Number of protein chains: 2
Amino acid sequence: MFKIGVCGYGTVGKNLVSHFLKYQDLISNNCNEEIAISIIADRSIQKKKFDSDSIQFSSDILSVVQSDCDLIIELVGGVEIAKELVVKAIQNNKSVITANKALIAEHGDELFKLSNKHNVYLGFEAAVAGAIPIINSLSHNMLNENILSISGIINGTCNYILDQMSSNNKDFSEALSMAQELGYAEADPTFDVGGFDAAHKISILAMLAYRIQSPFKNMYIEGIENIERMDIDYAKELGYTIKHVALTKATDTTIECRAHPVLIHNSNILSNVDGVMNAVRTVGNRFGTSLLYGQGAGGEATASAVISNIKDFCIYKKYESNKKMNEDYLISNRSITDINAISTQYYLRIFANDVPGVMAEITSTLASHEISIEAVTQHEPLNSDKLIPIVMITNSVSHEKILSSINKIESLNNINGKVNLIRVFCDND
Amino acid sequence: MFKIGVCGYGTVGKNLVSHFLKYQDLISNNCNEEIAISIIADRSIQKKKFDSDSIQFSSDILSVVQSDCDLIIELVGGVEIAKELVVKAIQNNKSVITANKALIAEHGDELFKLSNKHNVYLGFEAAVAGAIPIINSLSHNMLNENILSISGIINGTCNYILDQMSSNNKDFSEALSMAQELGYAEADPTFDVGGFDAAHKISILAMLAYRIQSPFKNMYIEGIENIERMDIDYAKELGYTIKHVALTKATDTTIECRAHPVLIHNSNILSNVDGVMNAVRTVGNRFGTSLLYGQGAGGEATASAVISNIKDFCIYKKYESNKKMNEDYLISNRSITDINAISTQYYLRIFANDVPGVMAEITSTLASHEISIEAVTQHEPLNSDKLIPIVMITNSVSHEKILSSINKIESLNNINGKVNLIRVFCDND
């Protein structure tokens, strides 16, 4: 019999335990093992009610490490306490399933090595995009593939806010307030809205796809705070939807990894991922383009993903433990591409004085930087200040080059304020 | 070491063998076993060129059953010869991977039992929707879920034809010719265009999700032959796209299983699955709505799916073979719902004479059958015959009831010809 210790009894923990107890026989049968929850630990466990008497309870999370369980499910959250728990669990030869993306993105390198050393299983299907089976697909169906790129809409908060701005004409701050009211955004939304959560998730996918160290600390991260409703409207006129995307991509010598807003052409199915839904698009050298879409968060979806790892744990214990888990992890030393060297198309939104020659000044500045223009629209002045918004889509140019051209444009006499710069998603990514 | 015999060396077989030989070390490492192809058999093997000398060749497909291989990959196609091969393979205690949907949909019941009896693995990831990991997801991530429904756009031929009719204003016959030229449709397209291929695939998914006998022989199947371009245009006006969908769904006592065209609302991401792409939408009681999208056919995508089953075979041999494969198969005796008892919304397209009172006649006929109208549009006469097309979307009514009302409407004096009837996809399905 395999015994499970559950650490953390919040929304996901409660869902997990109630589902597990209801379907224990089915899960055991599906895993071809007797499986039971032996202990649940939560700092505020006294306050909570249980209706099971075969399960031990503890308010000391670390005590689970000393119990007789074989597998610890870490749902504590945060990074430091979770790390302490997982390290001690592995050192005590216990396998671990975690839903903690920050933990894997920031300390996965160390935890993978430690789990190899102690020959235990470390599962994290729930850490990326909830119920979307992307970890399983990368570890299984796509295992023998050459992964060309992975692009994901993997932060529900960003996607909800951008969708509200687009579909219901909300401003960023209104949409953020709505997201907070609905529980889709935290009181301090920086982590989601700033792109860090998506960066954690794509880091994990990059580690799996390219067997590199976590790119989190070296990757480019940009949030959606500077997206204005007019940008969404102008993009729409040009046939694009603005989404926050995290992506990783193999080049000949390096790995690109970045998280930022993009314009996605409406003919790309990613542009139709609305509300809080998540989607991960993977391009393989043989299977072509694949998209996995589903609920990226929520107690039930996350618990479902955690439970799917229980069978992986059983298979590991019985079948794969003679092969070190991720033993070929880090076969690649490819570094993360410097953002300055990455070329994409750009959307530019420029406020100019409504005077003759201003368009010529902008276009000749771009031309002097060898940047060409794929599309341009000039709009009526927005307000009484008579500034005209000019919107352009450039050809594919490096970040370095576009920044230098933008500096020059912003210094022109007839240009007002900052130029808003958003990348255009490349369908070949 | 595990030895593989490959039967059938057409497009998929060639892709499979070349990919396997190129990545043999990686695949072996990923599977934690030494794995090699020991024999390839094809009736016209003499005509084909190989550059390997460690592989035996045979023009006698059944000879592979007598060889020393552990696993036979069946890529012969057809039903009868493939069945003979697979049955003999299993009887000789060899595991089987097949990409043959017809075989599993029509004889899966028997083959599952036989593979249990001989304790061998039977894999068929490639049989449904090519590179889309739906079999793995159902067998793994969704294994402990209560599957509420599965709906798929799983025939690339139908989807390509309908997409061409919609996006490029082609007629059905023009679009079919284009599909044939591009190799997306057979010379005799009946099997795809008539809905039978999609029915095979959904039958397999229903067997896995609901543990029932194959519903193929008892399910409702309708093709896209009666979809006209005007229907696509009228649907578009109402905010819908016409797609061919196969779906299965649990009711309290029975299982729905059917394949037919539907109007899908444009807010549903399924409506954006274009060209030859496939998508499978699964709704679970806990993970919510999931959509898996990708290439449903093609040599490389299919070979990729076949190769993903090689690891499953290894896991089965080492880990699961003490548990009979699919031993709990057929735990459900739920029957397939009679199509007459299934209620959906319907799109009706009626040609009427342009005379006063005709709309009243139609609507009162519907009312007398207790059918209400959710949307109605009346169009300008199409041709010189002065017939006016009337398009309606009804409330949800049973197939039986709508047919009886349609019979009545078609008998009205001012109605010309047949009423065209297309189901509306329910977002809750």
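Coordinates for the structure precede this section.
Residues numbered from 1 in each chain as written. Chains lettered and ligands numbered in written order. Predicted model: local features only at pLDDT ≥ 70, side-chain atom pairs only at ≥ 80, totals over all residues.

Draft legend 1. The overall build of chain A, seen in detail. When helices and strands are tallied, chain A shows 13 helices and 17 strands. Relative to the 2.2 N^0.38 estimate, which gives 22 Å for 429 residues, the radius of gyration of chain A is 24 Å and therefore close to what a compact globule would have. With respect to the three principal axes, the spread of C-alpha positions in chain A is 80 × 45 × 35 Å. Among the 429 residues that make up chain A, the fraction classed as buried is 52%. Taking all contacts inside chain A whose residues are at least 6 apart in sequence as the whole, residues at least 24 apart take part in 74%. (Helix = DSSP H or I, 4+ residues; strand = E, 2+ residues; numbered from the N terminus. Rg over C-alpha atoms; globule rule 2.2 N^0.38 Å. Buried ≥ 20, exposed ≤ 12 C-beta atoms within 10 Å, placed from the backbone. Contact = placed C-beta atoms within 7 Å.)

Draft legend 2. Molecular detail of helix α4 (residues 101–118) of chain B. Residue and element names in this part refer to chain B. An ideal rise of 1.5 Å per residue puts 26 Å on 18 residues; α4 reaches only 22 Å between its terminal C-alpha atoms. Most pronounced at His107, the bend in α4 amounts to some 85°. Taken residue by residue, α4 has Lys101, Ala102, Leu103, Ile104, Ala105, His107, Gly108, Leu111, Phe112 and Ser115 as its buried positions. Packing partners of the buried residues in α4 comprise α3 (80–91), β5 (95–98), β6 (122–123) and α9 (196–210). Just beyond α4, the residue with positive phi is Asn119, at close to 55°. (Expected span 1.5 Å × (residues − 1). Bend = angle between axes of the 7 residues up to and from the residue.)

Draft legend 3. Structural context of the interface of chain A and chain B. Taken together, the contact pairs 42 residues of chain A with 42 residues of chain B. Taken together, the elements giving at least two residues each to the side of chain A that touches chain B come down to α2 (24–31), α5 (134–139), β12 (288–295) and α11 (299–320) of chain A. A total of 11 residues in the side of chain A that touches chain B trace back to one element, the largest contributor, which is α11(A). Taken together, the residues that form the side of chain A that touches chain B break down as 17 nonpolar, 17 polar and 8 charged. Summarising the sheet, β12(A) and strand β12 (residues 288–295) of chain B pair through 3 bridges and their orientation is antiparallel. By the bridge assignment for β12(B), Leu291(A) is matched with Tyr293(B). (Nonpolar A, V, L, I, M, F, W, Y, C, P; charged D, E, K, R; others polar. Pairing = 2+ DSSP bridges.)

Draft legend 4. Examining the sheet that holds strand β5 (residues 95–98) of chain A more closely. Ordered by their spatial adjacency, 6 strands build an open sheet running β3-β2-β1-β4-β5-β6 (chain A), and the pairing between neighbours is parallel. The open sheet has two edge strands, β3 (56–58) and β6 (122–123) of chain A, and neither has a second partner.

Draft legend 5. Expanded view of the environment of Asp53(B). Residues and elements named next belong to chain B. Locating Asp53 in the fold gives a position in the loop between β2 (35–41) and β3 (56–58). Accessibility expressed as a C-beta count within 10 Å gives 6 for Asp53, which makes it exposed. Sequence separation between Asp53 and Val128 is 75 residues, and the spatial gap between their C-alpha atoms is 33 Å.

Draft legend 6. A look at the relation of the copies chain A and chain B. Relative to chain B, chain A is turned by 180° and slid 0.0 Å along the rotation axis, the superposed coordinates differing by an RMSD of 0.0 Å. Here the copies are linked by what is in effect a two-fold axis. Scanning chain A for the C-alpha nearest the rotation axis identifies Leu292(A), at a separation of 2.3 Å. (Least-squares fit on C-alpha atoms with pLDDT ≥ 70 in both.)

Draft legend 7. A look at helix α1 (residues 11–22) of chain B. For α1(B), spanning 12 residues, the distance from its first C-alpha to its last is 17 Å, which sits close to the expected 16 Å at 1.5 Å a residue. Within the span of α1(B), buried status applies to Val12(B), Gly13(B), Asn15(B), Leu16(B), Val17(B), His19(B) and Phe20(B).

Draft legend 8. How the structure looks around the sheet that holds strand β4 (residues 71–74) of chain B. Spatially, β3-β2-β1-β4-β5-β6 (chain B) is the arrangement adopted by the 6 strands of the open sheet, whose pairing is parallel. At either margin of the open sheet sits one strand with a lone partner, and together these are β3 and β6 of chain B.

Draft legend 9. Focus on unusual backbone geometry. With phi around 65°, Asn32(A) is a residue other than glycine that occupies positive phi space. Here Asn32(A) falls in the partly exposed class, since 16 other C-beta atoms lie within 10 Å of it.

Draft legend 10. Spatial organisation of the packing of helix α12 (residues 358–368) of chain B against helix α13 (residues 399–410) of chain B. Residues and elements named next belong to chain B. Running from amino to carboxyl end, α12 crosses α13 at an angle of 150°, the nearest separation of the two axes being 9 Å. Relative to α13, the element α12 lies roughly antiparallel. Relative to α13, α12 is oriented so that their crossing is right-handed. For the pair α12 and α13, the contacting residues are Ile362, Thr365 and Leu366 in the first and Ser405, Lys408 and Ile409 in the second. (Axes fitted to C-alpha atoms, helices over the stretch in contact; angles between N-to-C directions. Parallel < 35°, antiparallel > 145°, perpendicular 65-115°, else oblique. Left-handed = near helix turned anticlockwise from the far one by under 90°.)

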